[in-house]
Amino acid sequence: VEFPTTLEDGRLQIESLFQFDGINPDCENQEQEHIAAILVKNLSGEFLSEAKIMMELSNGTQTSFVVTNLPAERAAMVFSAENSSIKEEDVCMGIACEARWDEAVAAIPEGIAVSVEGITITVTNQTAQDIPELTVYCHSLLGEDFFGGITYMYKIENLSANETTVIEAPECIMGMAEVVRVAIT
């Protein structure tokens, strides 16, 4: 497989397969050298709820990558879910993908305001109704791209009308969080 390559009828692009030395947020923050990593970009105009990507490598192994809650036109550095390592000469021999798209997802519902400073997330209910529960989904940010395919979820209960609450996203180990979705339940 030559990179960049597209999947899902051109809606998803794998820009590259490379080695990464460090912490793998997609495998419980395990630290390792030469972790298999890919750069995934959502080329569609839709919200990608989840994609599971399986790669067959020239060394005879298979590794999987999972990315969740990837907005349209955004990219994520996604790491091997099994924390598999690769050698520089390893290449991708085959690739498969299962993806769920959701064009109906509004990243931030009307009446909800979100601001982020570092890993501190401020959520304001600008509606006249109390919200019994909402979930904030965020990615760790590294430059313009997301660091890791997984999304961190934080539940907020009983957010009264016109009330503001502050939550921390310590899992965003690069020190920057980006809210990609807020769901009212």
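Residues numbered from 1 in each chain as written. Predicted model: local features only at pLDDT ≥ 70, side-chain atom pairs only at ≥ 80, totals over all residues. Heavy atoms only, no water.

Novice: So what about the overall build of the protein chain? Which residues, and what values?
Specialist: Summing up its helical and strand segments, the protein chain has 0 helices and 14 strands in all. For the protein chain, the α and β elements follow one another from N to C terminus as β-β-β-β-β-β-β-β-β-β-β-β-β-β. For the protein chain, the spread of C-alpha atoms along the three principal axes comes to 60 × 35 × 25 Å. Relative to its full complement of 185 residues, the protein chain shows a buried share of 44%. Taking the contacts inside the protein chain whose residues are at least 6 apart along the sequence as the reference set, 68% of them involve residues at least 24 apart. Here the protein chain has roughly 9100 Å² of accessible surface; of this, 46% comes from carbon and sulfur atoms. Distance between charge centroids for the protein chain: 5 Å, based on 8 positive and 31 negative side chains. (Helix = DSSP H or I, 4+ residues; strand = E, 2+ residues; numbered from the N terminus. Buried < 20%, exposed > 50% of the residue type's maximum accessible area, 1.4 Å probe, protein only. Contact = heavy atoms within 4.5 Å. Areas by Shrake-Rupley, 256 points an atom, 1.4 Å probe, with all protein chains shown as cover. Lys, Arg positive; Asp, Glu negative; His and termini not counted. Charge placed at Lys NZ, Arg CZ, Asp CG, Glu CD.)

Novice: Can you break down the environment of Val123 residue by residue, with the values?
Specialist: Residue position: Val123 is located in strand β9 (residues 120-125). On a C-alpha basis, the gap between Val123 and Asp26 in space is 26 Å, while along the polypeptide they are 97 residues apart. For Val123, the contacting residues outside a window of four places in its chain are Ile112, Ala113, Leu134, Val136, Ile156, Leu159, Glu163, Thr164 and Thr165.

Novice: Which residues make up unusual backbone geometry, and what values go with them?
Specialist: Residue Pro4 is bonded to the preceding Phe3 through a cis peptide linkage, with omega at 0°. Its identity as a non-glycine residue notwithstanding, His34 has a phi of 60°, on the positive side. Its relative accessible area of 32% is what places His34 among the partly exposed residues. Despite not being glycine, Asn158 shows a phi value in the positive range, around 55°. Assignment of secondary structure puts Asn158 in strand β12 (residues 152-159). Relative accessible area serves as the criterion here: at 56%, Asn158 is assigned to the exposed category.

Novice: Go over a nonpolar patch on the surface, please, and point to the residues and values.
Specialist: On the surface, Ile23, Leu142, Ile173 and Met174 cluster together to form a nonpolar patch covering roughly 290 Å² of accessible area. With respect to the helices, strands and loops of the structure, Ile173 is situated in the loop between β13 (164-168) and β14 (177-184). Assessed through its relative accessible area of 38%, Ile173 is described here as partly exposed. (Patch = residues over 30% accessible without salt bridge, like charges linked within 9 Å, V, L, I, M, F, W, Y side chains within 5 Å. Salt bridge = Lys/Arg side-chain N within 4 Å of Asp/Glu carboxyl O.)

Novice: Explain the sheet that holds β9 to me, and be specific about the residues and the numbers.
Specialist: In space, the 3 strands of this open sheet follow the order β8-β9-β13, with antiparallel pairing throughout. Single-partner strands in this sheet number two, and they are β8 (112-117) and β13. Between one strand axis and the next, the sheet turns by 20° as a mean value, whatever way the strands run. (Pairing = 2+ DSSP bridges. Axes fitted to C-alpha atoms, helices over the stretch in contact; angles between N-to-C directions.)

Novice: Talk me through the packing of aromatic side chains; I want residue IDs and the actual numbers.
Specialist: Inspection of the entire model under this criterion finds 3 aromatic pairs. Summarising the aromatic geometry, the rings of Phe79 and Phe147 are spaced 5.2 Å apart at their centres and angled 65° between planes, so their arrangement reads as edge-to-face. Pair noted here: Phe79 is in strand β6 (residues 75-79) and Phe147 is in strand β11 (residues 145-147), with a separation of 68 residues, a long-range link. Chaining the aromatic ring pairs together yields one cluster made of Phe20, Phe79 and Phe147. Geometry around Tyr137 places Arg181 over its ring, the cationic atom sitting 5.1 Å from the centre. (Phe/Tyr/Trp six-rings, centres within 6.5 Å; stacked < 30°, edge-to-face > 60°. Lys NZ or Arg CZ within 6 Å of the ring centre and 35° of its normal.)

This is a description of form; function is not addressed.
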